[in-house]
Amino acid sequence: MTDPLSPAEADPLLDDVAVLLAPLVRWLIGRGVPLGGVVQTLKLVYLREAQHDLERRGRRVTDSALSVLTGVHRKEIRALLGEHRNGGPAPAPRLAPTPASMLFTRWITDPRYRDDAGVRLSLARHGPVPSFEALARDVSSDVHPRTLLEELQRLGLVRSEADTVHLLSDSFVPQPHDPQAVGVMAVNVADHLAVALRNLDCTDPDERHLEQSVFAQGLSEDSVRHLGQVARQLWASARETMVREAQHCLDADRARAAAGEGDAARSARLRFGAYFHQEPAPPTPDVHQT
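Residues numbered from 1 in each chain as written. Predicted model: local features only at pLDDT ≥ 70, side-chain atom pairs only at ≥ 80, totals over all residues. Heavy atoms only, no water.

### Thoughts on the overall build of the chain
No. 1: When you go through the chain residue by residue, the secondary structure sums to 9 helices and 5 strands.
No. 2: The order of helices and strands in the chain, counted from the N terminus, is α-α-α-α-α-β-α-α-β-β-α-β-α-β.
No. 3: Here the chain, with 290 residues, has 21% of them falling under the buried criterion.
No. 4: Here the chain displays about 20,300 Å² of accessible surface, and carbon together with sulfur accounts for 57% of that area. (Helix = DSSP H or I, 4+ residues; strand = E, 2+ residues; numbered from the N terminus. Buried < 20%, exposed > 50% of the residue type's maximum accessible area, 1.4 Å probe, protein only. Areas by Shrake-Rupley, 256 points an atom, 1.4 Å probe, with all protein chains shown as cover.)

Now the structure itself:
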């Protein structure tokens, strides 16, 4: 924990926070979410993170300590925590992928589910590999294949006819306004922001995580559309490589754990992603790498 910033030091930082929050606020306004609810949620998040900070430093978690760290009055802390008193101020973020998203990713990247020309297969619903049932059981032993199929159909990602399941998309993007779409967005953006903020506090360049982007302006609409397709192609290739390598590492970690070697807990997680943003901008040709 660092010492509190003076107003002169905090104001420029809060200006940057305003830039960061602007797209989220635009989205919330469009969804009809009022400021009051967001403020209450922000206070709960502040309290949860302050609680975690105290626990990491071996300090006792009290209303007074939480108030000092967050600026939330002690009386309001008691009211806000309420039933969460014993379990933390707010539920933990949903950081793990769903079984449906894991199945979808495996289907579009695993070579066993492609033909000799590299084209993704439509799958028989039942039977050995390659089948939807075999794929579902490979991904999760806790969720029935029928349940996973119904969820992918609900999301508009597959179509089932007769005894065959067909892919309808090459990316796991739930339909707009689906609650799961908001959840997918939330965890992706949360992890992206987490690594960006970690890098701000990291003094050793070798310890900083990957968080880079390319910026260009002064482009025509045709050029932006072309570059958007280039970005999708680059992501598709990078995604398949990363999924393949991640699966190899998972298999190797499981083998080492079964042999009593390495870290049996396997507590680390990662997320690797990409994004492409476009919007109208003043025509000032320039290209930067950040």
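Let us keep going from here.
### Remarks on the sheet that holds strand S1 (residues 123-124)
Strand pairs in the sheet, formed through backbone hydrogen bonds, run parallel or antiparallel to each other.
No. 1: Ordered in space as S1-S3-S2, the 3 strands form an open sheet in which the pairing is antiparallel. Single-partner strands in this sheet number two, and they are S1 and strand S2 (158-161).
No. 2: Here S2 pairs with strand S3 (residues 164-167) via 4 bridges, running antiparallel. Looking at S3, one finds that Glu 161 is bridged to Thr 164.
No. 3: Those strands touched by helix H5 (residues 99-109) are S1, S2 and S3, and its axis lies near 85° from that of S3. (Pairing = 2+ DSSP bridges. Contact = heavy atoms within 4.5 Å. Axes fitted to C-alpha atoms, helices over the stretch in contact; angles between N-to-C directions.)

### A look at the packing of helix H3 (residues 63-70) against helix H4 (residues 74-81)
No. 1: At a closest axis distance of 9 Å, the pairing of H3 and H4 adopts a crossing angle of 105°. Classed by the angle they form, the pair H3 and H4 counts as roughly perpendicular. Contact with H3, carried on its side by Asp 63, Ser 64, Leu 66 and Ser 67, involves Arg 74, Ile 77, Arg 78 and Leu 81 of H4 and no other residues of that element.
No. 2: When grouped by side-chain class, the residues that make up the contact of H3 with H4 number 3 nonpolar, 2 polar and 3 charged. (Parallel < 35°, antiparallel > 145°, perpendicular 65-115°, else oblique. Nonpolar A, V, L, I, M, F, W, Y, C, P; charged D, E, K, R; others polar.)

### Some points on unusual backbone geometry
The phi torsion of most residues other than glycine is negative, and most of the peptide bonds are trans.
No. 1: The linkage connecting Val 129 with the following residue, Pro 130, adopts the cis geometry, with an omega of 0°.
No. 2: Within the secondary structure layout, Pro 130 lies in the loop between S1 and helix H6 (132-139).
No. 3: Although it is not a glycine, Ala 162 adopts a positive phi angle of roughly 55°.
No. 4: Note that Ala 162 resides in the loop between S2 and S3.

### Looking at the packing of aromatic side chains
No. 1: For the structure on display, the rule yields 2 aromatic pairs.
No. 2: Geometrically, the ring pair formed by Trp 107 and Phe 132 is edge-to-face, given 6.2 Å between the ring centres and 70° between the ring planes. Remark: Phe 132 occurs in helix H6 and Trp 107 occurs in helix H5; sequence separation between them is 25 residues.
No. 3: Relative to Phe 272, the ring of Trp 235 lies with its centre 5.9 Å away and its plane at 40°, an arrangement referred to as tilted. You can see Trp 235 sitting in helix H9 (residues 221-258) and its partner Phe 272 sitting in the loop between H9 and strand S5 (286-289), a full 37 residues away along the chain.
No. 4: Owing to a relative accessible area of 26%, Trp 235 belongs among the partly exposed residues under this scheme. (Phe/Tyr/Trp six-rings, centres within 6.5 Å; stacked < 30°, edge-to-face > 60°.)

### What to know about the pattern of salt bridges
For side chains bearing opposite charge, pairing can occur when the charged atoms are close.
No. 1: What the rule picks out here adds up to 18 salt bridges.
No. 2: For Arg 120, the salt bridge identified is with Glu 240, shortest N-O distance 3.5 Å. You can see Arg 120 sitting in the loop between H5 and S1 and its partner Glu 240 sitting in helix H9, a full 120 residues away along the chain.
No. 3: With a relative accessible area of 29%, Arg 120 lands in the partly exposed category.
No. 4: Judged by relative accessible area, Glu 240 falls into the buried class, the value being 16%. (Salt bridge = Lys/Arg side-chain N within 4 Å of Asp/Glu carboxyl O.)

### Some points on the packing of H5 against helix H7 (residues 145-154)
No. 1: Following both chains from N to C, one finds H5 and H7 inclined at 85°, their axes separated by 10 Å at the closest point. Here H5 lies roughly perpendicular to H7, going by the angle between them. Of the residues in H7, those in contact with Pro 99, Ala 100, Leu 103 and Phe 104 of H5 are Leu 148, Glu 151 and Leu 152.
No. 2: Here the residues of the contact of H5 with H7 sort into 6 nonpolar, no polar and 1 charged.

### Details of H6
Given 3.6 residues per turn, any residue in an α-helix points the same way as the ones three and four places further on.
No. 1: Buried residues of H6: Phe 132, Ala 134, Leu 135, Ala 136 and Val 139, and no others.
No. 2: Residues of H6 that are buried make contact with H5, S1, H7 and S3.

### Quick word on the nonpolar core
Soluble, globular proteins show a tendency: their nonpolar side chains are buried together.
No. 1: Ranked by size, the top nonpolar core spans 20 residues in total, and within it Leu 103, Trp 107, Phe 132, Leu 135, Leu 152, Leu 157 and Val 158 carry the most contacts.
No. 2: Every element with two or more residues in this core is listed here: H5, H6 and H7.
No. 3: Contact partners of Trp 107, with chain neighbours within four places excluded, come to Tyr 113, Leu 121, Leu 123, Phe 132, Leu 135, Val 158, Val 165, His 166 and Leu 167.
No. 4: Membership of the second largest hydrophobic core comes to 9 residues, among which are Ala 65, Val 72, Ile 77 and Leu 81. (Core = buried A, V, L, I, M, F, W, Y, C linked by side-chain atoms within 4.5 Å.)

None of this, on its own, says anything about what the molecule does.
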